[in-house]
Amino acid sequence: FSGETTLDVGGEPFELTEVGPGHTDGDCIVHLPQRGVVYTGDILFVGVTPVAWAGPVSGIVAALERVLALRPEVIVPGHGWLASPADVRLQIDYWDWVQSSLHPLARIGMSPWQASREALGSSTFKASPFARWIAPERLFTSACTLYREWGLETGARGGPIGALDHFRLQATVAQGLGT
């Protein structure tokens, strides 16, 4: 499907809404209005650092805002435990922090790898609730996505990063954090 569709599952309406691209090209939320439940898929991570593979990050934020607008009683994330609206807002805050932290570093010519290490080493990050989330090194992947969004190169030699090199670089970000 694309856009929106409703499925009847045992007499229960399941409202499917395409909200991607963001985390991936095919992000979708499922709303069970009679039950007050929203399944967010991978647009919401709770206690785990989210990652933007496809972008744009603004698409993820818009999808999270859409989840809040549904006013669900129960929010089921793609990763982590059951969520509250406060968890959704916290992830929106994370994406705001990511963009405001990385963009100035990108403008002065830092690579996504350098910018990720700088941002994760900052006192702002260390004092934030995001610092307690699992896998903060995932910021590197999101940085690469944002750099592409901003029309900047992600590779050290001006080209794209291959998958193996990408994960190798992400691992070095984790090593720099002592994780």
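Source: prediction; values computed, not measured. (Residues numbered from 1 in each chain as written. Predicted model: local features only at pLDDT ≥ 70, side-chain atom pairs only at ≥ 80, totals over all residues. Heavy atoms only, no water.)

Chemist: If you had to explain the pairing of strand β2 (residues 12-18) to someone new, which residues and values would you point to?
Modeler: Successive residues of a regular strand alternate their side chains across the two faces of the sheet. Sheet analysis places strand β1 (residues 4-9) next to β2, joined by 6 bridges and oriented antiparallel. Across the sheet, residue Asp 8 finds its bridge partner in β2, namely Pro 13. Hairpin connection between β1 and β2: a loop of 2 residues separates the two successive antiparallel strands, and Gly 10 in this loop has a positive phi of roughly 60 degrees. Note that β2 and strand β3 (residues 28-32) share 4 bridges and pair antiparallel. By the bridge assignment, Thr 17 is partnered in β3 with Ile 29. (Pairing = 2+ DSSP bridges. Helix = DSSP H or I, 4+ residues; strand = E, 2+ residues; numbered from the N terminus.)

Chemist: Tell me about the pattern of salt bridges, and name the residues and values.
Modeler: A side chain of one charge can pair with a side chain of the opposite charge when the charged atoms of the two come close. Under the criterion given, the structure shown has 2 salt bridges. Notably, a salt bridge pairs Glu 4 with Arg 66, separated by 2.4 Å at the nearest N-O pair. Taken together, the positions of Glu 4 in strand β1 and Arg 66 in helix α1 (residues 57-69) put the pair 62 residues apart, joining distant regions of the chain. Among the residues examined, Glu 4 registers a relative accessible area of 54% and is labelled exposed. Salt-bridge contacts for Glu 12 lead to Arg 35; the nearest nitrogen and oxygen are separated by 3.1 Å. Here the residue Glu 12 occupies a position in strand β2, and Arg 35 occupies one in the loop between β3 and β4 (37-45), the gap between them amounting to 23 residues. (Salt bridge = Lys/Arg side-chain N within 4 Å of Asp/Glu carboxyl O. Buried < 20%, exposed > 50% of the residue type's maximum accessible area, 1.4 Å probe, protein only.)

Chemist: Describe the sheet that holds strand β5 (residues 74-79), and please don't skip the residues or the numbers.
Modeler: Read from one edge to the other, the open sheet built from 5 strands follows the order β1-β2-β3-β4-β5, with strand pairing classed as mixed. At either end of the open sheet lies a strand with only one pairing partner, and these are β1 and β5. For this sheet the average axis-to-axis angle between neighbouring strands, irrespective of direction, equals 25 degrees. By the bridge criterion, 5 bridges tie β4 to β5 in an arrangement that is parallel. The residue of β5 that forms the bridge with Phe 45 is His 79. Each of β4 and β5 is contacted by helix α2 (residues 85-107), which is oriented at about 25 degrees to β4, the strand it contacts most. (Axes fitted to C-alpha atoms, helices over the stretch in contact; angles between N-to-C directions. Contact = heavy atoms within 4.5 Å.)

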